Amino acid sequence: MPVTLERTIRNITLKIPNGVNAKVIREYYEFMKESGNSERHQKNNLKCLINFCIYLNEELLSEVKGREMILKYLNSKQKSIEQDPDQRCITTWNDYLGRIKKFYRWFQNLYTNNQINTLDWITPDFVKIKNKLTKRVSPYLDTELWDREEISLIIKYEEFKRNKAALAFMWDLDARNH
């Protein structure tokens, strides 16, 4: 049975060992709720942050000022090649990094500095960590991918400009032909 948002909210109190961190995470939840984020997005962010707080144990979220602690946490989510031959854990690593970055943007700009306009928010330097690149091999054969001549031929016979633009745009962004 999937974990509900309500259960995840209860886990803030039950699982986070530090009361100060639990309070901050609850306030972040209120911010996400007021911002109109979906329940799924809220739940996934909270699960990531609860796990991060468990990893920090008694250390405060406000005391994390170096990227080493974040990298150690993210690297704890990686698996060996034998356990994860497709290296799907890199996607998890990148996803958790994005969620932690967003949290610390909120923490530094709104929670600490009370800066309400999200367009003016600055990402703290210690969370400016680059995403990892996946080393997965494409599941598509070279013969299944369209080249420039093939897409030009298809666009030539399309009747509507909108569809021509959509086909060209999808090809340019490496969309698949099926």
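Look a little higher up for the structure.
Predicted model only: the values in this text are computed from it and were never measured.

Draft legend 1. Inspection of the overall build of the protein at higher detail. The helix and strand tally for the protein stands at seven helices and zero strands. Start at the N end of the protein and walk to the C end: the helices and strands fall as α-α-α-α-α-α-α. Principal-axis analysis of the C-alpha atoms gives the protein an extent of 65 × 45 × 40 Å. In the protein, which comprises 178 residues, the share counted as buried stands at 30%. Residue pairs in contact within the protein that sit at least 24 positions apart in sequence constitute 61% of those at least 6 positions apart. Carbon and sulfur atoms provide 53% of the accessible area of the protein, an area that totals close to 12100 Å². Side-chain charges in the protein split into 30 positive and 24 negative, and the spacing between the mean points of these groups amounts to 4 Å.

Draft legend 2. Main features of the side chain of Asp84. By the element assignment, Asp84 lies in the loop between helix H4 (67–75) and helix H5 (89–112). Arg88 provides the closest opposite charge to the buried, salt-bridge-free Asp84, at an N-O distance of 5.2 Å. Beyond its immediate stretch of four places on either side in the chain, Asp84 contacts Lys79 and Cys89.

Draft legend 3. The arrangement of the pattern of salt bridges in detail. Under the criterion given, the structure shown has four salt bridges. With a closest N to O distance of 3.5 Å, Glu30 and Lys33 form a salt bridge. You can see Glu30 and its partner Lys33 sitting in helix H2 (residues 19–34), three residues apart, about one turn around the helix. By relative accessible area, which is 34% here, Glu30 ends up partly exposed. We classify Lys33 as partly exposed; its relative accessible area is 41%. Two residues, Arg99 and Asp95, come together in a salt bridge whose shortest N-O distance is 3.0 Å. Pair noted here: Arg99 and Asp95 are both in helix H5, with a separation of four residues, about one helical turn.

Draft legend 4. How the structure looks around H4. Taken together, the buried positions of H4 are Ile70, Tyr73 and Leu74. Projected down its long axis, H4 carries its buried residues within an arc of 95°, all on one side. Those residues of H4 that are exposed and angled more than 90 degrees off the buried face are Glu68 and Lys72. Close packing links the buried residues of H4 with helix H3 (39–56) and H5.

Draft legend 5. Up close: the nonpolar core. Residues Ile25, Leu61, Ile70, Phe103, Tyr104 and Trp106 are the most contacted members of the largest nonpolar core, which totals 35 residues. Put simply, the parts of the chain that give this core at least two residues each are helix H1 (5–15), H2, H3, H4 and H5. No other element matches the nine residues that H5 contributes to this core. Among all residues touching Trp106, those that are not within four sequence positions of it are Val24, Glu27, Tyr28, Phe31, Tyr111 and Trp121.

Calculation criteria
- Residues numbered from 1 in each chain as written.
- Predicted model: local features only at pLDDT ≥ 70, side-chain atom pairs only at ≥ 80, totals over all residues.
- Heavy atoms only, no water.
- Helix = DSSP H or I, 4+ residues; strand = E, 2+ residues; numbered from the N terminus.
- Buried < 20%, exposed > 50% of the residue type's maximum accessible area, 1.4 Å probe, protein only.
- Contact = heavy atoms within 4.5 Å.
- Areas by Shrake-Rupley, 256 points an atom, 1.4 Å probe, with all protein chains shown as cover.
- Lys, Arg positive; Asp, Glu negative; His and termini not counted.
- Charge placed at Lys NZ, Arg CZ, Asp CG, Glu CD.
- Salt bridge = Lys/Arg side-chain N within 4 Å of Asp/Glu carboxyl O.
- Arc of directions from axis to C-beta.
- Core = buried A, V, L, I, M, F, W, Y, C linked by side-chain atoms within 4.5 Å.

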